[in-house]
Structures are given as structure tokens and as C-alpha cells.
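Coordinate inspection notes
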Amino acid sequence: MLISKVTQLAKLTTALVLIVNVSRAQIQFAINAGAPVKDISPYIYGINAISQSPAVYASLSDLNPGSDRLGGNRLTGYNWETNASSAGADYHHQNDNWLTLNPLQAMSGPAGTLRSFHEYARSLGRYSIIQLPMAGYVAADISGAVSEEQTAPSARWKRVQFRKEAPFTLQPDLSDDVVYIDECVNLLVYYYGKASEGGVRGYSLDNEPGLWNSTHARIFGKTRVTGSEIIEKNAELARAIKDVDETAETFGLVSWGYWEMHNFSGASDWDQFKTGYDWAVSAYLGEMKKKSDEAGVRLLDVLAIHWYPEARGGGVRITTNDSTTAVVQARLQAPRSLWDPTYKEDSWLMDLNGGTPLNLLPQVSRSIDKWYPETKLAITEYSFGGTSHWSGALAMADVLGVFAREGVYTANLHHPPVQFLAQAFKLYRNVDGHFNGFGDRLVPSSNPDSTSFSIYSSLDSKNPKHLHLIVINKKESSVNAEFSLQGSKNYVGGLVYGLAAGESSISKKNAVQSIQNNSFSYPLPAYSMLHFILSTDKITELPQPIYHELTTVSVGKGRIVSSENGILLPEGTEVTLRQKPRRGGALLDGAVTSNRRSQALRLQ
């Protein structure tokens with residue numbers, strides 16, 4: 001075909017212009033798959049049972065949550081003896097039986113709500129966190145709204161006592177005026193064993209004490225709690241729990257937001273702490289460390305905080321479902337307040353923090369390292385909004401990546417993980433419908449532009465051939481990204497799954513066909529989140545593991561106290577069971593491999 005020199009020159013000039021434009025739009029990521037790795041806790045992919053409707057709660061298995069928390073305002077006034085609870089200011093300070101119907105139909109009898117929750121969470125392999133009351137009183141009835149004149153102490157309430165100081169019973173006395181919390185823990189241990197034996201893994205020391213005077217004014221009164229009260233109650237309740245189950249983990253402080261973390265929500269006794277501590281988080285940790293040393297036992301295992309961003313876009317808070325351009329842009333940037341020492345969000349917290357970037361998780365981690373080393377960190381409630389908009393998926397995916405990178409132990413979304421939020425969970429936990437997800441061992445990656453992009457990388461201890469990359473493009477235009485893979489392994493190709501603006505669910509994208517010298521390029525769609533699964537072998541499909549439900553049967557007078565009864569397990573998983581004899585006798589051990597639809601182990 002004959003083409004004039006003028007035409008050729010025009011085409012060449014156009015090509016050169018296009019190359020220059022693409023080059024300006026490129027982003028280069030470096031992933032060091034050969035660097036030292038750290039474990040990613042599976043519990044960061046968690047939910048809060050209390051925020052789900054029964055229908056939604058029953059439909060979340062395909063998100064593969066790693067942890068589940070039964071906690072929130074409802075549990076502050078929960079009476080385990082009768083399963084009555086208080087809605088607090090959320091609904092007319094009403095005492096009722098709501099927790100016997102939500103999010104599960106509770107079994108009858110003492111702690112029925114707690115037992116149903118734990119059995120359900122355990123059957124799905126989730127780390128279960130149960131909140132215990134600490135504010136002072138719990139509901140005595142299910143008779144509806146509580147007036148201001150009926151504020152505790154009154155006949156509408158039962159007094160909370162952390163220790164019974166008498167023999168425990170599985171059938172508590174309903175005629176007295178006291179509810180004993182250590183007796184509740186004992187009942188759970190009786191039925192399920194200690195935490196180390198398959199029992200309740202974590203206990204939350206109530207919830208958001210800095211708000212008790214408003215959320216639970218009928219229980220606590222209208223006077224704001226002091227820092228000293230928070231510390232004393234935390235230490236006393238934690239000691240009572242540990243005396244019954246020393247293997248259970250305690251989740252403490254459970255702050256509602258940055259103001260409580262800053263100065264115990266303006267507590268009247270903050271002045272006595274601020275001379276020795278930089279903020280309330282440090283004060284709480286330091287004083288709990290002293291209490292633990294005095295008791296001779298660690299009283300705080302996990303520092304728990306809540307995070308509902310105050311960041312705004314165009315004057316509107318991002319935690320709404322607003323999808324205006326200003327809110328969307330603010331929502332996409334808001335995860336940076338969790339970790340970025342240079343990012344200043346648009347919120348009143350900037351004034352509270354003296355104009356300094358929040359840099360939240362590193363700031364908390366520094367306090368832990370200084371005042372109570374080896375304490376774990378949990379975000380047991382959070383939400384970044386955008387349920388019905390793609391920006392909610394991108395922000396949520398970014399937040400989950402931050403939790404993984406910053407070493408968070410547990411995290412529990414306090415919002416139904418539906419619509420676009422569900423897609424973010426699936427990106428990490430079930431990207432292909434066969435429960436393949438992000439790896440469990442974090443490797444470092446570099447990102448030269450955190451305003452426009454996020455990247456998180458991991459290896460999979462169960463499949464060492466795979467390298468996982470989560471990449472988020474926060475720009476309104478498609479960008480050609482270049483990836484450089486460092487380390488001793490040679491990757492040859494990979495699969496890609498993800499979602500972009502205009503799409504409603506994760507789907508399989510064009511594969512990475514060729515990786516040359518551990519480098520490749522890939523176009524990132526505008527406003528997208530992608531999960532790359534790179535492999536040292538040619539890869540066309542991900543593994544599709546077979547799952548079986550494990551059942552256990554105890555024969556005789558004993559009971560199995562360490563089991564995963566009812567849990568769905570990948571074929572070939574070995575489970576160790578322990579039987580506790582009812583009267584005398586030795587503990588019996590056994591193991592079973594789940595290779596059939598139903599597998600039973602009988603211990604006599």
C-alpha cells in the first residue's frame with residue numbers, strides 16, 4: 001500500500017503526541033515480593049451483627065466475614081438473665097425484647113441472645129466479640145419507654161455487679177435486683193469452653209462510655225463520665241472476666257470518636273491526666289498497664305476505637321449516602337486520615353488537633369508501643385458511607401487495605417455490607433465466587449501518588465505461587481499503570497477482577513497476558529478497584545476448593561468443648577477436638593479430616 005511521505009509524517013507526529021500524553025498519565029508501582037512479610041489478620045474483614053436486619057444478616061456468608069461483634073448501644077443495657085435490653089436514646093429509652101429477634105431468633109433461657117450469636121458466628125468460622133455491660137444498670141423489664149423519672153436506680157432497672165462472690169449457677173435468681181457479669185461469662189464457658197477451646201474469643205468492655213450521659217441517660221444519668229471512672233470500670237470488669245476465662249481477650253476503651261480519644265470527651269478530670277499523657281488514648285493505656293501490673297495479669301488485650309469520619313465535602317459529611325461530586329472526592333480521600341502524616345481533611349477535628357493531620361493509626365500505635373506494649377488494635381465500629389454509590393466501594397476497599405497494612409487486629413463495619421460495600425468485601429474475601437481472596441501475608445509496595453491511587457500487596461501462605469495486588473484508581477480518567485515486581489520469584493501472568501464506576505458488581509477483567517522480566521503494564525479504568533492475582537505458573541482459573549460441613553457427636557456423659565461444629569471447612573482441613581467429662585475421667589482428644597459432606601467423631 002502506497003502512503004505519501006506527508007501522510008506518514010502526520011501519522012508519526014500523531015503517534016508521538018499520543019505517547020507523550022500517555023507518559024504523563026502513567027503511574028509506576030513497585031512491589032517487593034521478596035521483602036520480609038507480616039501477617040494480615042483475617043479479623044479485619046468483620047461486621048457488627050447488631051447493625052444488620054435478620055434478612056441481611058442471613059445473607060452475608062458470601063462476603064466471608066472474618067469476625068463478628070455483638071455490640072453497640074443496645075448491649076449497654078442488656079440483661080443476660082432475661083434477654084431484655086434498652087434502646088437508650090436511639091428509641092425512647094425503651095426496654096424491650098428486641099435482641100431476642102434481632103439479628104437472630106434467640107434461643108430461650110439465660111444469655112439466649114449471646115448463645116445464639118456465638119453459635120452462629122462460630123459455625124461460620126468468625127471470631128466472635130460479645131459486649132458486656134459496664135455503665136451500672138441493665139433493663140429489668142420489656143415494658144416499653146422509660147421516663148426520666150424512672151432513671152436508675154428504679155424498678156425499671158437491675159444493678160450490674162461484675163463479681164458474684166458466691167457460687168455460680170446456670171439458672172440465675174430472677175427475683176433479686178442484681179445481675180452478675182462473671183456469672184454470665186461462666187455460663188458461656190460452661191456451654192462452649194474457654195476462648196482457647198472454641199468459646200467466646202473476645203469481650204468488649206461496654207461501648208462508647210464518653211456518650212453514656214446522652215445515649216444512656218436513664219442508666220447512667222446526665223453527668224458526663226470521667227476518665228477515672230472509665231479506667232476503674234474497665235480494670236474491674238476485665239479482672240472479673242479473666243478470673244473466669246484467662247484465655248479470652250478483652251477489648252477496652254471502645255471510644256466513640258476522636259474527641260473521646262483526645263480528652264475522654266472533655267471529662268472533668270482530664271487535667272489530672274494531661275500533665276503525664278499527650279492524649280486520652282495514652283492515659284488509658286498507661287493506667288491500664290499499671291492496673292495490670294498490680295493485678296499480675298494482663299487486663300487489656302485489645303485497644304478498641306470507633307471511627308466515623310467527620311470529613312466533609314461541600315459541607316456534607318461523607319458518612320451519608322450523598323453522591324455529589326464534592327462528597328465523592330472527600331470520601332475517596334478520607335481513608336488517608338487513617339495513616340497519611342501529610343493529609344488534612346476538611347473537618348472540625350483539624351481544629352481539635354491544632355491543625356495537625358490526624359495520622360490516626362500510627363498515632364495510636366505509638367501510644368501502644370510507649371504505654372502498653374503488645375496491646376492489639378481494633379476498630380470495632382466504622383463507616384465511610386456511600387452504600388449505593390461506587391465511591392463507597394472504592395473507599396471501603398481502601399480502608400480494608402489500610403487496616404491490613406497498618407496491622408489492625410480486628411475491624412467491624414457498623415453498617416449493612418450491602419450493595420457497593422459488599423463488593424469491597426468480595427474484592428478481598430471472595431473475588432471469584434469460590435472464596436478466593438487477598439493473601440494473608442503483607443508485602444511492601446510503593447506508591448508515588450497517594451492522592452490518586454492506592455495499592456496493597458500480599459502473598460498467600462496456602463498458595464505461594466500467587467502474588468496479590470489491590471489497586472485503586474481515584475482519578476476520573478483511565479491511567480496506564482506500570483508494575484515492577486521485585487524478589488526471587490518469576491511471575492509469568494495473572495488474572496484480574498474488579499469494579500469501575502458505572503458497574504454494580506465485581507467481574508473478571510482482561511488478564512495479564514505477559515510479564516517480562518517481572519514487569520508489566522495494565523490500564524486502570526477511571527474510578528476503579530482491581531484485584532490482580534499474579535502467578536509463577538500460567539494461570540487461567542483460580543482454585544475452586546470444596547467445602548464440607550463438619551458435625552461432631554459426643555457419646556456418654558461428656559461434651560465436646562473444642563469443636564467447630566457446623567463450620568464449613570475446605571476439604572482436607574484437620575480439626576482437633578477435646579471432650580470435657582461431666583464427672584471425673586480424663587480429657588479425650590481426637591482429630592478428624594473433613595473429606596465428606598458430613599463427618600462425625602465420637603468420643604466416649
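Computed from a predicted structure; not experimentally measured.

Rules used in this analysis
- Residues numbered from 1 in each chain as written.
- Predicted model: local features only at pLDDT ≥ 70, side-chain atom pairs only at ≥ 80, totals over all residues.
- Heavy atoms only, no water.
- Salt bridge = Lys/Arg side-chain N within 4 Å of Asp/Glu carboxyl O.
- Helix = DSSP H or I, 4+ residues; strand = E, 2+ residues; numbered from the N terminus.
- Buried < 20%, exposed > 50% of the residue type's maximum accessible area, 1.4 Å probe, protein only.
- Pairing = 2+ DSSP bridges.
- Axes fitted to C-alpha atoms, helices over the stretch in contact; angles between N-to-C directions.
- Contact = heavy atoms within 4.5 Å.
- Expected span 1.5 Å × (residues − 1).
- Phe/Tyr/Trp six-rings, centres within 6.5 Å; stacked < 30°, edge-to-face > 60°.
- Lys NZ or Arg CZ within 6 Å of the ring centre and 35° of its normal.
- Parallel < 35°, antiparallel > 145°, perpendicular 65-115°, else oblique.
- Left-handed = near helix turned anticlockwise from the far one by under 90°.
- Core = buried A, V, L, I, M, F, W, Y, C linked by side-chain atoms within 4.5 Å.

1. So, the pattern of salt bridges
Following the criterion strictly, the structure yields 26 salt bridges and no others. With a closest N to O distance of 3.1 Å, R126 and D68 form a salt bridge. Residue R126 is located in the loop between α4 (112-123) and β7 (127-132), and its partner D68 is located in strand β4 (residues 67-70); the two are separated by 58 residues in the primary sequence. Each member of the pair, R126 as well as D68, carries the same accessibility label: buried. Here K508 ties to E541 by a salt bridge, and the two come within 3.3 Å at their closest N and O atoms. Residue K508 is located in strand β25 (residues 507-508), and its partner E541 is located in the loop between β27 (528-535) and β28 (547-550); the two are separated by 33 residues in the primary sequence. Looking at K508, the relative accessible area reads 40%, which means it is partly exposed. One continuous salt-bridge network, built from bridges that share partners, spans R163, R239 and D243.

2. Examining the sheet that holds strand β17 (residues 376-382)
Spatially, eight strands are ordered β3-β4-β7-β12-β13-β14-β17-β18 in a closed barrel, and the strand pairing comes out parallel. Between one strand and the next, the sheet's axes are offset by a mean angle of 25°, whatever the strand orientation. With six bridges joining them, strand β14 (residues 302-307) and β17 adopt parallel strand pairing. Bridge assignment links H306 to a residue of β17, and that residue is E381. In the packing of helix α14 (residues 360-371) onto the sheet, contacts are made with β14 and β17, and the angle to β17 comes to roughly 140°. This element, helix α15 (residues 390-405), spans β17 and β18 (410-413) of the sheet and lies at about 165° to β17.

3. Remarks on the sheet that holds strand β9 (residues 144-145)
Pairing in this open sheet of three strands is antiparallel, and the strands run β5-β6-β9 from one edge to the other. Where the open sheet ends on each side, the last strands, each with one partner, are β5 (85-86) and β9.

4. Quick look at the side chain of T226
Mapped onto the fold, T226 is located in the loop between α7 (217-220) and α8 (227-244). You can call T226 buried: its relative accessible area is 17%. With residues up to four places along the chain from it excluded, the contact list for T226 reads A267, S268 and D269.

5. What to know about helix α11 (residues 280-295)
Over its 16 residues, α11 extends 22 Å from the first C-alpha to the last, a length consistent with the 22 Å expected when each residue adds 1.5 Å. Contacts made by the buried residues of α11 are with α8, β13 (249-255), α9 (258-263), α10 (271-274), β14 and α14.

6. A short note on the environment of L499
Summarising the element assignment, L499 is placed in strand β24 (residues 493-500). On the basis of relative accessibility, which here comes to 0%, the residue L499 falls in the buried class. C-alpha separation for the pair L499 and Y527, spaced 28 residues apart in sequence, amounts to 8.6 Å.

7. Notes on the packing of aromatic side chains
Across all of its chains, the model carries 24 aromatic pairs by this definition. Their ring planes at 70° and their centres at 6.2 Å tell us that Y127 and F251 sit as a pair that is edge-to-face. Here Y127 is found in strand β7, whereas its partner F251 is found in strand β13, with 124 residues between them in sequence. For Y127, a relative accessible area of 1% gives the class buried. Ring-pair connections join several aromatic residues into one group, and the members of that group are F29, F453, F483, F520, Y522 and F532. A cation over a ring is seen here: R115 above Y191, with NZ or CZ 3.6 Å from the ring centre. Note that K376 overlies the ring of Y409, its terminal NZ or CZ placed 4.2 Å from the centroid.

8. What to know about the packing of helix α5 (residues 181-192) against α8
Interaxial distance between α5 and α8 falls to 9 Å at its minimum, and their mutual angle equals 30°. By the angle between their directions, the pair α5 and α8 is classed as roughly parallel. Seen along the crossing, α5 lies across α8 with a hand that is right-handed. Contacts between α5 and α8 involve I181, D182, V185, N186 and V189 from the first element and L237, A240, I241 and V244 from the second.

9. So, the nonpolar core
Side chains of nonpolar character tend, in soluble globular proteins, to be buried together. Formed by 132 residues in total, the largest nonpolar core has its most connected members in F264, L303, W307, L338, Y382 and F403. If we ignore the near neighbours within four places in the chain, the residues touching F403 are I44, L338, L361, I379, Y382, V408 and A411. If you look at the next biggest cluster of nonpolar residues, it comprises 25 residues, including I27, F520, L524 and L534.

10. Looking at α5
Every α-helical turn comprises 3.6 residues, leaving residues that sit three or four positions apart pointing alike. Here α5 contains twelve residues, and its C-alpha end-to-end distance of 17 Å stays within 8% of the 16 Å for a straight helix at 1.5 Å per residue. Burial analysis of α5 places nine of its twelve residues in the buried class, which makes it a mostly covered element. Within the sequence span of α5, burial applies to I181, D182, E183, C184, V185, L187, L188, V189 and Y192. Two residues or fewer past α5, G193 is found with a positive phi of approximately 80°.

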